[in-house]
Amino acid sequence: QTQNTGTLTGTVRDNNSGAAISNASVTFNGSPATTNSSGVYTISNLPCVSSTLTVSKSGYQTASIGYSLTNCPGTSTKDVALVLVPVISSISPSSGSTAGGDQVTIFGTGLQGATSVTFGGAAATIAYNTTTGDLRPITPPHAAGSVSVSVTTPGGTVTSANGYTYTQTQNTGTLTGTVRDNNS
């Protein structure tokens with residue numbers, strides 16, 4: 001390592017869980033690295049410049065961060081948190097009343113921290129299962145038919161086209177009374 005170069009190191013973690021992310025691709029000023037099983041990357045012999053630190057991993061949003069490597073000679077540390085791209089795998093139950101008020105579970109990945117859940121464009125009440133962390137919104141009222149379900153998180157918006165069907169419920173009841181024969 002010369003006077004004009006330095007080393008950049010850091011740990012790449014999942015923004016939600018804090019877990020280390022292995023095999024993430026890291027580049028700074030055109031020099032590549034891959035994170036190890038502990039989520040750590042190291043790039044040596046870098047010129048002391050300001051450049052973009054780019055970190056990517058399948059299933060996550062790519063992070064692009066402006067960074068100035070100034071510790072030359074020496075080692076600079078820059079940790080990075082990646083945000084999961086949201087994915088909906090299923091919705092259960094997949095149908096309910098036009099009156100709304102039904103709790104459904106939206107299964108998938110990256111759905112934590114949802115800022116918006118809509119059924120056919122109508123906002124749902126956001127809730128979570130405190131044990132599993134599953135997203136469990138309460139459906140809003142909506143006209144009968146199939147609607148798309150959209151979830152917006154820090155990682156983006158994901159939509160399940162025709163993911164939920166509103167059904168018209170029949171009002172049923174019980175009629176009771178006494179029938180008398182007036183002829184007797």
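Visitor: Lay out the sheet that holds strand β6 (residues 63-68) with the relevant residues and their values.
Guide: One open sheet accounts for four strands, arranged β3-β2-β5-β6; its pairing is antiparallel. Since the sheet does not close on itself, it has two edges, and those belong to β3 (31-34) and β6, each with one partner. Each strand of the sheet is rotated relative to its neighbour by a mean of 20°, with strand direction disregarded. Where strand β5 (residues 50-56) and β6 come together, six bridges link them in antiparallel fashion. Considered in β6, the bridge of T52 is made with G66.

Visitor: Tell me about the side chain of T9, residues and numbers included.
Guide: Structurally, T9 is set in strand β1 (residues 5-14). Judged by its relative accessible area of 17%, T9 is buried. There is a polar contact of 2.7 Å between the side chain of T9 and the backbone oxygen of Y41. In this structure, T9 is in contact with V40, Y41, T42, T75, S76, T77 and K78, ignoring residues within four places of it in sequence.

Visitor: How would you sum up the state of the cysteines? Please name residues and give values.
Guide: Under the defined criterion, the tally for this structure stands at one disulfide. In this model C48 forms its disulfide with C72; the gap between the sulfur atoms is 1.2 Å. Taken together, the positions of C48 in the loop between β4 (40-47) and β5 and C72 in the loop between β6 and β7 (75-77) put the pair 24 residues apart, joining distant regions of the chain.

About the cut-offs
- Residues numbered from 1 in each chain as written.
- Predicted model: local features only at pLDDT ≥ 70, side-chain atom pairs only at ≥ 80, totals over all residues.
- Heavy atoms only, no water.
- Pairing = 2+ DSSP bridges.
- Helix = DSSP H or I, 4+ residues; strand = E, 2+ residues; numbered from the N terminus.
- Axes fitted to C-alpha atoms, helices over the stretch in contact; angles between N-to-C directions.
- Buried < 20%, exposed > 50% of the residue type's maximum accessible area, 1.4 Å probe, protein only.
- Polar contact = N/O pair within 3.5 Å; in protein donor to acceptor, adjacent residues only side chain to side chain.
- Contact = heavy atoms within 4.5 Å.
- Disulfide = S-S within 2.5 Å.

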